[in-house]
Amino acid sequence: MDAPGSPNSHVVYRLLSPEPEEGTEGRAFELDSASGSVTLGARPLHAGQDIPLQVLAVDLGGAEGGLSSTCEVTVTITDINDHAPEFTPSQIEPISLPEDTEPGTLVATLLATDGDLEPAFRHMDFAIEAGDVDGAFGLKWEPDSGHVQLLLLKNLSYEAVPSYQLVVVVRSEAELVGPGPGPGATATVTVLVEKVVPPPKLDQESYEASVPVSTPAGSLLLTIQPSDPMSSPLRFSLVNDSEGWLCIKEVSGEVHTARPLQGARPGDMYTVLVEAQDAGEPTLRTAVTLVIHFLKAASASAPTLPLVPTRHLCTPRKNHGVVVSGASEDTDLADGHGPYNFALGPNPTVQRDWRIQALNGSHAYLTLALHWVEPREYSVPVVVSHNNRMWQLQVRVIVCRCNVEGQCMRKVGRMKGMPTKLSAVGILGGTLLAIGIFLVLIFTHLTLARKKDLDQPADSVPLKAAV
């Protein structure tokens, strides 16, 4: 406010703070001592900083005795979108997925970061740039989050595409200022598709057998076999045969008694686990339970019931069988309540060719175990137990070829009085020969008659009388 041009109005400016930081060269801001204008210095600035500047103004040109005052200027450093988002890390370890993985499964979660402070500049956009040859994968993310989920969208196939090398790219939604995205803006995810080989499948989900406690060692109880006879060979073993009563043949799956069933009591059950292992792929295995029902030892006087009425089954095997009734006509055996238990006789051939399973508490279902057996009549022994009593049925079954309706086609014998094939051929040949001879005689007679007419003289022909 002093007179212009006088020493009292000659003002100079001085920057009091901030002082330069140790280890850095120069200030963030420079102050012109004559004009008082604040300019940027050599030191770099960082977004989000609030830098207070204290400025001293002195008249008399800064000489001693001049009057002074200070003011504070706060400079706020604002952010610009000068950082491209980047993945951390940009290289993902290979990920293995079985080819039966369900669509919608989370494959991996990727993380991208952005060095900008302004929330609007941190919004990112993601995309699979390369490697997804059949559109099997997709991405899911939130706009304000740096996490992106890699999801499986379609079923995988090892035969079609055994592996994927997915390249995921991240971009800033806002326009980028300064240098473009660097190498960290992409992440590579390698997905290895694992071929799924199903474990072995057996012809039953569980097995049961009923044996008398007097069964000797070496007796065949039943045979474990695959559901598909053409499948890869299996190797069988018993897992928890704690009593050591049983043994199983490794290749055939036949279960035998390993020793006499000492300690077994009628009515008890004995459960073991049978493991089936693929012979070519030992890691492929399955396990089923085998339950042994112990029966009372068969007595010498145990009655044998009459034969069950004849039935028929079709070969090749069809999905039906015959019903076997356990009810006995013997009142001593039929007394009491409770279910009937059925088992095939101990003959190994019977165990191999036939299967029997409970239908209800009093009946069982007898079917062929093999796809093909020789067509003829069979007598199948079936052991029935009820209330600690045991007896045996001889089930007569006719196995025959069947038509499309499942009806048995039997050979028809020659009817009584009908000619045989040889006699029929003889009769037919004789008839044809007789017809041939008869035709030869007729043609010979006609030929001779015509020759006789040609040899007769012309004057011997009778004249026709005029009328």
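Bear in mind the structure is a predicted one, so any value in this text is a computation, not a measurement.

Each value, and the rule that gives it
- Residues numbered from 1 in each chain as written.
- Predicted model: local features only at pLDDT ≥ 70, side-chain atom pairs only at ≥ 80, totals over all residues.
- Heavy atoms only, no water.
- Core = buried A, V, L, I, M, F, W, Y, C linked by side-chain atoms within 4.5 Å.
- Buried < 20%, exposed > 50% of the residue type's maximum accessible area, 1.4 Å probe, protein only.
- Helix = DSSP H or I, 4+ residues; strand = E, 2+ residues; numbered from the N terminus.
- Contact = heavy atoms within 4.5 Å.
- Phe/Tyr/Trp six-rings, centres within 6.5 Å; stacked < 30°, edge-to-face > 60°.
- Lys NZ or Arg CZ within 6 Å of the ring centre and 35° of its normal.
- Disulfide = S-S within 2.5 Å.
- Polar contact = N/O pair within 3.5 Å; in protein donor to acceptor, adjacent residues only side chain to side chain.

Pulling in residues and values, what's your account of the nonpolar core?
Judged by nonpolar contacts, the single largest core of 26 residues is most densely connected at F87, F137 and Y164. Breaking this core down by element, the ones donating at least two residues are β7 (95–98), β8 (106–113), β9 (124–130), β11 (147–152), β12 (163–172) and β13 (186–194). Among all residues touching F137, those that are not within four sequence positions of it are L97, V107, I128, D132, L150, L151, L152, L153, L156, Y164, L166 and V191. Grouped together as the second largest cluster of nonpolar side chains are 24 residues, V213, A264, L290 and F294 included.

Provide a residue-level description of the packing of aromatic side chains, including the pertinent values.
Under the defined criterion, the tally for this structure stands at six aromatic pairs. Ring centres of F126 and W141 lie 5.4 Å apart, and the angle between their planes is 70°; this geometry places the pair in the edge-to-face category. Here the residue F126 occupies a position in strand β9, and W141 occupies one in strand β10 (residues 137–141), the gap between them amounting to 15 residues. Its relative accessible area of 26% is what places W141 among the partly exposed residues. Residues F137 and Y164 carry aromatic rings whose centres are separated by 5.0 Å and whose planes lie at 80° to one another, so their mutual orientation is edge-to-face. Placement of the pair is F137 in strand β10 and Y164 in strand β12, with a sequence separation of 27 residues. An aromatic cluster of three or more residues is present, and its members are F87, F126 and W141. Lying over the aromatic face of Y378, R376 brings its terminal NZ or CZ to 3.9 Å of the ring centre.

Tell me about the state of the cysteines, and please be specific about residues and values.
All chains considered together, the criterion is met by one disulfide. Shown here is the disulfide that connects C314 with C402, its sulfur atoms set 1.9 Å apart. Looking along the S-S bond of the C314-C402 disulfide, the torsion reads about -95°, which is the left-handed sense. One end of the pair, C314, is in strand β21 (residues 308–314); the other, C402, is in the loop between β27 (389–400) and α3 (421–455), with 88 residues separating them in the sequence. Exposure remark for C314: the relative accessible area of 2% places this residue in the buried category. A residue is classified by how much of its surface remains accessible, and C402, at 15% relative accessible area, is buried.

Describe in detail the side chain of T315, supporting the description with residues and values.
For T315, the location among the structural elements is in the loop between β21 and β22 (322–325). At 3.2 Å, the side chain of T315 and the backbone nitrogen of V373 are in polar contact.

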